Amino acid sequence: MKSIKNICCIGAGYVGGPTMSVIAFKCPEIKVTVVDINEKRIAAWNDEDVSKLPVYEPGLDEVVKQARGKNLFFSTEVDKAIDEADMIFISVNTPTKTYGIGKGMAADLKYIELCARQIASVAKTDKIIVEKSTLPVRTAEALKTILNNTGNGVKFEILSNPEFLAEGTAIDDLLNADRILIGGDSTPSGEIAKQALVDVYAHWLPKERILTTNVWSSELSKLTANAFLAQRVSSINALSELCEVTGADVNEVSRAIGTDSRIGPKFLKASVGFGGSCFQKDILNLVYIAKTYGLNEVADYWEQVIIMNDHQKLRFAQNIVKSLFNTVSGKKITMLGWAFKKDTNDTRESAAIYVADYLLNEMAELTVYDPKVSEEQVLADLDYLNSRSENENRKLIKVVNDPYEACKDAHAIAVLTEWDEFKTYDWSKIHDNMLKPAFLFDGRAILDMDKLEEIGFQVYTIGIGAE
Ligand SMILES: NC(=O)c1ccc[n+]([C@@H]2O[C@H](COP(=O)([O-])OP(=O)(O)OC[C@H]3O[C@@H](n4cnc5c(N)ncnc54)[C@H](O)[C@@H]3O)[C@@H](O)[C@H]2O)c1
């Protein structure tokens, strides 16, 4: 049996950073080095002040404090870490392709391929390569072809070990994972590699939660899990629109159906739409794979989840304009929340970006407050969409650090992220300082609608119709 002494992880992002921190924390005898080509990110991971880590996750700072400098290291020396490791995790980004064949759908595997080529050129001893990134089914085959054609006699085993953590609860998800999935070949050397990775996780997780499968099932299971989760969100969001026109309350519908043990209560919260770096990209990837195999009905079925999500963001933004007497030009609208969900500073594909973009095109003047997202990030997200020039964005949008200042003199407030602190605000004070009628659009259904109406707000809550 092979016992792992030295792990390298390529990619110090939202997955690589927290995952490796937990492995190092739980396996003190294994040296874990997380490498990245992004020098700024690595410097932030090494910052003495753990509040400056590049990823915000509850509990992450404590885990990093415990292990960093002992058996957990962050570095830009990629070759050195590859050379020394007996197990290498690849945890780089796999965004949707923005060019060429499969543009707008397929996963862009160029970062994965670059890693494989770098490993192939540097490695002098046998290594286990672990796909941690979410990849299209059969990617391991391509990796194998690149790695096995080096001609230097080094042997590689490839495992698929997709990550199921959710941002915002990553540390808890890693420490108490429902299951760990490890896909690998059923050859003798494949079995040894799988067991080596099982042994790493078995430091803190019961063996029955560590599932082993073949590589293709493992790769496909990750895409499937995300597709099912996103599908539940789009399903309840589709019903939220129906609730609004029929006078039903989507939260009551969710509660009623969620108590059915066959359905379950999770992922049934209506909202302005799902975001994050994974759901959309992974479903598009699934759609692309289905199309590649000529399975058009399968592709259309899953694509509808994305169509519904886009519709939800759009109708939320349209409703703001309609409610404000069909024009928001020159009106101050305050957006509470920019992150794609609470307890993270990640803004990728956040619904807030698309709602803001729509309102800016209507010439609204936006003020944004988010407890964990910087002004630099908000502006970068909008510039990325390329709808307007950078100058135009900067003229129309302001990012402030104080929620009360953010809401002062606003015509309307829109809640885009479900941060807990929003529930604790002095809403009477906020109402006093707004223009009247004071509109409030709760895109996360987190605020007490009755209380706000009593204060005097005109409230729209997603999924709640007038009785
Ligand atoms: N974010 C999540 O919640 C989540 C959950 C499960 C799975 N995943 C998957 O995990 C993968 C990583 O996601 P993420 O959110 O951590 O991405 P990320 O963009 O936060 O991090 C990826 C990092 O890889 C680095 N990188 C890219 N190419 C490199 C190279 N050749 N050498 C060294 N470093 C390189 C980048 O600089 C970046 O810092 C993706 O495939 C994603 O789908 C993400």
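This one's a predicted model, so the numbers in the text were calculated from it and none came from an experiment.

Caption draft 1: Examining the overall build of the protein more closely. Along its length, the protein carries 18 helices and 14 strands. Taking 23 Å as the expected radius of gyration for a compact globule of 467 residues, we find that the protein reaches 24 Å, a close match to that expectation. Principal-axis analysis of the C-alpha atoms gives the protein an extent of 75 × 50 × 45 Å. Sorting the 467 residues of the protein into buried and exposed places 47% on the buried side. Within the protein, residue pairs in contact and separated by at least 24 positions form 75% of the contacts whose partners lie at least 6 positions apart.

Caption draft 2: Looking closely at the sheet that holds strand S12 (residues 412-415). Here we have six strands laid out as an open sheet, ordered S11-S10-S9-S12-S13-S14, and parallel in their pairing. Of all strands in the sheet, those bounded by a partner on one side alone are strand S11 (397-399) and strand S14 (458-461). Going across the sheet, the axis of each strand differs from the next one's by a mean of 15°, ignoring polarity. In this sheet, strand S13 (residues 439-442) lies alongside S12 in parallel orientation, the contact comprising four bridges. Each bridged residue has a counterpart across the sheet, and for Val415 the counterpart in S13 is Asp442. Against the sheet, helix H12 (residues 296-323) contacts strand S9 (332-336), S12, S13 and S14, and its axis sits at roughly 170° relative to S13.

Caption draft 3: A look at the site of the ligand. Taken together, the neighbourhood of the ligand is formed by 27 residues, with Gly11, Gly13, Val15, Ser133 and Thr134 sitting nearest. Among the elements that take part in the shell around the ligand, helix H5 (residues 110-122) stands out by supplying three residues, more than any other. Grouping the amino acids of the shell around the ligand by side-chain chemistry returns 13 nonpolar, 10 polar and four charged.

Caption draft 4: Spatial organisation of helix H3 (residues 60-67). Every buried residue of H3 is listed here: Val63, Val64 and Ala67. An end-on view of H3 places all buried positions within 100° of arc, on one side of the element. Each element contacted by the buried residues of H3 is listed here: helix H1 (16-26), strand S3 (72-75) and helix H7 (170-175). Positive backbone phi, at 85°, marks Gly69, one or two positions downstream of H3.

Caption draft 5: Layout of the domain arrangement of the protein. Examined at the domain level, the protein breaks down into domain 1 (6-213) and domain 2 (248-461). For domain 1 and domain 2, the distance between their C-alpha centres works out to 32 Å. Domain 1 puts 15 residues into the contact, and the matching count from domain 2 is 16 residues. Each residue belonging to the side of domain 1 that touches domain 2 can be placed in one class, and the counts come to nine nonpolar, four polar and two charged.

Caption draft 6: Fine view of helix H14 (residues 375-385). When we look at burial in H14, the residues that qualify are Val378, Asp381 and Leu382. On an axial view of H14, the arc spanned by its buried residues comes to 90°, and they lie on one face. Exposed and facing more than 90 degrees away from the buried side of H14 are Glu376 and Tyr384. In this structure, the buried side of H14 is in contact with helix H13 (351-361), strand S10 (365-369), helix H15 (390-396) and S11. At the C-terminal side of H14, Asn386 shows a positive phi close to 65°.

Caption draft 7: Layout of the packing of helix H9 (residues 215-246) against helix H10 (residues 250-258). At a minimum axis distance of 9 Å, the contact between H9 and H10 shows a crossing angle of 130°. Judged on the interaxial angle alone, H10 and H9 are oblique. Crossing handedness for the pair H9 and H10: right-handed. From H9, Ile236, Leu239, Ser240 and Cys243 reach across to H10, where they touch Val250, Val253 and Ser254. Here the residues of the contact of H9 with H10 sort into five nonpolar, two polar and no charged.

Caption draft 8: Up close: the pairing of strand S4 (residues 87-90). Residues of S4 alternate between two faces, with Met87 and Phe89 on one and Ile88 and Ile90 on the opposite face, all of them buried. The sheet contact formed by strand S1 (residues 6-10) and S4 spans four bridges and is parallel. Residue pairing in the sheet places Ile10 in a bridge with Ile90 of S4. As for the winding sense of the linkage, the β-α-β connection from S4 through H5 to strand S5 (residues 127-131) is right-handed.

Caption draft 9: Inspection of the nonpolar core at higher detail. With 138 residues, the main nonpolar core has Ile88 and Val355 as its most contacted residues. The element best represented in this core is H13, accounting for eight residues. Composition of this core by domain shows at least three residues from each of domain 1 (6-213) and domain 2 (248-461).

Rules of the game
Residues numbered from 1 in each chain as written. Predicted model: local features only at pLDDT ≥ 70, side-chain atom pairs only at ≥ 80, totals over all residues. Helix = DSSP H or I, 4+ residues; strand = E, 2+ residues; numbered from the N terminus. Rg over C-alpha atoms; globule rule 2.2 N^0.38 Å. Buried ≥ 20, exposed ≤ 12 C-beta atoms within 10 Å, placed from the backbone. Contact = placed C-beta atoms within 7 Å. Pairing = 2+ DSSP bridges. Axes fitted to C-alpha atoms, helices over the stretch in contact; angles between N-to-C directions. Near = placed C-beta within 6 Å. Nonpolar A, V, L, I, M, F, W, Y, C, P; charged D, E, K, R; others polar. Arc of directions from axis to C-beta. Domains from an automatic or database assignment. Parallel < 35°, antiparallel > 145°, perpendicular 65-115°, else oblique. Left-handed = near helix turned anticlockwise from the far one by under 90°. Right-handed = clockwise from strand over helix to strand, strands pointing away. Core = buried A, V, L, I, M, F, W, Y, C linked by C-beta atoms within 7 Å.

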